[in-house]
Amino acid sequence: MKRTLLIVVVILCITVGYIQGQQIKNKDYDSKSVVQEQLRGIRSITLLVYVDYEIPDYSTIKDEIYSLCAEKLKNEGLDLNGDQNIILRIDVNSFPIEIVEFDRYLLLLVRTELKDEARLVRDPNLRNPHGYVTWSNDWVFISSLESLRSSIKEEVLIRLEIFCIDRKGAERFVSK
């Protein structure tokens with residue numbers, strides 16, 4: 001029963017990944033979309049990285065992810081000084097698999113969100129400390145403890161690449 005459940009979870013993860021991959025390939029950047037409206041004009045962000053404390057070597061992984069992402073974002077032309085009050089937050093959370101045969105594996109969630117400072121329409125004076133999520137991408141996957149570090153870095157960089165693709169598409173739309 002436990003093995004069947006794990007197989008179903010893995011198949012679900014693969015299916016969701018395939019569907020997301022097809023959606024990325026099929027994006028039409030020639031027509032106006034909500035993503036393009038929300039991502040246009042981004043020049044400066046604040047990068048925040050969180051790695052779950054339950055992940056072995058979490059602080060080292062966090063530092064490596066931050067460095068890789070900061071370099072990628074700078075290469076994409078983004079300033080990391082946060083002048084525009086926009087936060088790109090990358091969270092890596094882990095969930096133990098409670099099946100004895102899979103005690104050397106973790107279920108991981110990589111969540112990437114772009115948050116803007118926001119004013120509420122009904123009352124712009126109300127505080128909105130959490131801002132507004134203008135772009136997000138989540139991914140769930142299973143990794144062995146042996147390949148944990150490389151698996152996390154690979155998945156984070158994939159999510160960051162998707163963000164950069166969407167941002168480039170928004171900039172191309174604006175320039176038309």
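In the block above lies the structure referred to throughout.
Participant: Go over the overall build of the protein chain, please, and point to the residues and values.
Facilitator: A count of helices and strands for the protein chain gives four helices and four strands. Counting from the amino terminus, the protein chain carries its helices and strands in the arrangement α-α-β-α-β-β-β-α. Counting across all 176 residues of the protein chain, residues that qualify as buried make up 35%. Long-range pairs, those at least 24 residues apart, make up 74% of the contacts in the protein chain between residues at least 6 apart in sequence. Put simply, the protein chain shows about 10800 Å² of open surface, and 53% of that area lies on carbon and sulfur atoms.

Participant: Explain the nonpolar core residue by residue, including any values.
Facilitator: Core analysis: the largest hydrophobic core is formed by 32 residues, its most contacted members being I65, L73, L114, I152 and F163. Where this core is concerned, the elements lending two or more residues are β1 (46–51), α3 (58–75), β2 (86–96), β3 (105–116), β4 (132–144) and α4 (148–175). In terms of residue count, α4 provides more of this core than any other element does, eight residues in total. Contact partners of F163, with chain neighbours within four places excluded, come to L39, L73, L78, L88, L114 and W135.

Participant: Kindly report on the packing of aromatic side chains, identifying the contributing residues and their values.
Facilitator: Per the stated rule, a full pass over the model turns up four aromatic pairs. Relative to Y53, the ring of Y50 lies with its centre 6.1 Å away and its plane at 80°, an arrangement referred to as edge-to-face. Accessibility expressed as a relative area gives 25% for Y50, which makes it partly exposed. Judged by its relative accessible area of 54%, Y53 is exposed. When the ring of F102 is compared with that of Y105, the centres are 5.8 Å apart and the planes differ by 65°; the resulting orientation is edge-to-face. Residue classification places Y105 among the partly exposed residues on the basis of a relative accessible area of 34%.

Participant: Break down the pairing of β2 for me, with residues and values.
Facilitator: Consecutive residues of a regular strand have side chains that alternate between opposite faces of the sheet. Pairing analysis gives six bridges linking β1 to β2, with the strands arranged parallel. Opposite Y50, over in β2, you have D91 as the bridge partner. Note on the crossover from β1 through α3 to β2: the handedness is left-handed. By the bridge criterion, 11 bridges tie β2 to β3 in an arrangement that is antiparallel. If you follow L88 over to β3, its bridge partner there is L114.

Participant: Help me get a handle on the environment of L88, residues and values and all.
Facilitator: In this structure, L88 sits in strand β2. Between the alpha carbons of L88 and I45 there is a distance of 6.6 Å; along the sequence they are 43 residues apart. Those residues in contact with L88 that lie beyond four places of it in its chain are I45, T46, L47, L48, L73, T112, E113, L114, L160 and F163.

Participant: How would you sum up the sheet that holds β4? Please name residues and give values.
Facilitator: Within the open sheet, the four strands sit side by side as β1-β2-β3-β4. Their pairing is mixed. At either margin of the open sheet sits one strand with a lone partner, and together these are β1 and β4. Along the sheet, successive strands turn relative to each other by an average axial angle of 10°, direction set aside. Here α3 sits on the sheet and contacts β1 and β2; the angle it forms with β1, its principal contact strand, is near 155°.

Participant: Any chance you could break down the pattern of salt bridges for me, citing the residues and the numbers?
Facilitator: If you walk through the whole model with that rule in mind, you get 11 salt bridges. E155 is the partner of R159 in a salt bridge, and the nearest nitrogen-oxygen pair spans 2.8 Å. One end of the pair, R159, and the other, E155, are both in helix α4, four residues apart, so they sit about a helical turn from each other. Beyond isolated ion pairs, a larger network of salt bridges with shared partners links D57, E64, R149 and K153.

Reading the values: the criteria
Residues numbered from 1 in each chain as written. Predicted model: local features only at pLDDT ≥ 70, side-chain atom pairs only at ≥ 80, totals over all residues. Heavy atoms only, no water. Helix = DSSP H or I, 4+ residues; strand = E, 2+ residues; numbered from the N terminus. Buried < 20%, exposed > 50% of the residue type's maximum accessible area, 1.4 Å probe, protein only. Contact = heavy atoms within 4.5 Å. Areas by Shrake-Rupley, 256 points an atom, 1.4 Å probe, with all protein chains shown as cover. Core = buried A, V, L, I, M, F, W, Y, C linked by side-chain atoms within 4.5 Å. Phe/Tyr/Trp six-rings, centres within 6.5 Å; stacked < 30°, edge-to-face > 60°. Pairing = 2+ DSSP bridges. Right-handed = clockwise from strand over helix to strand, strands pointing away. Axes fitted to C-alpha atoms, helices over the stretch in contact; angles between N-to-C directions. Salt bridge = Lys/Arg side-chain N within 4 Å of Asp/Glu carboxyl O.

Note that all results are geometric; they support no functional claim without further evidence.
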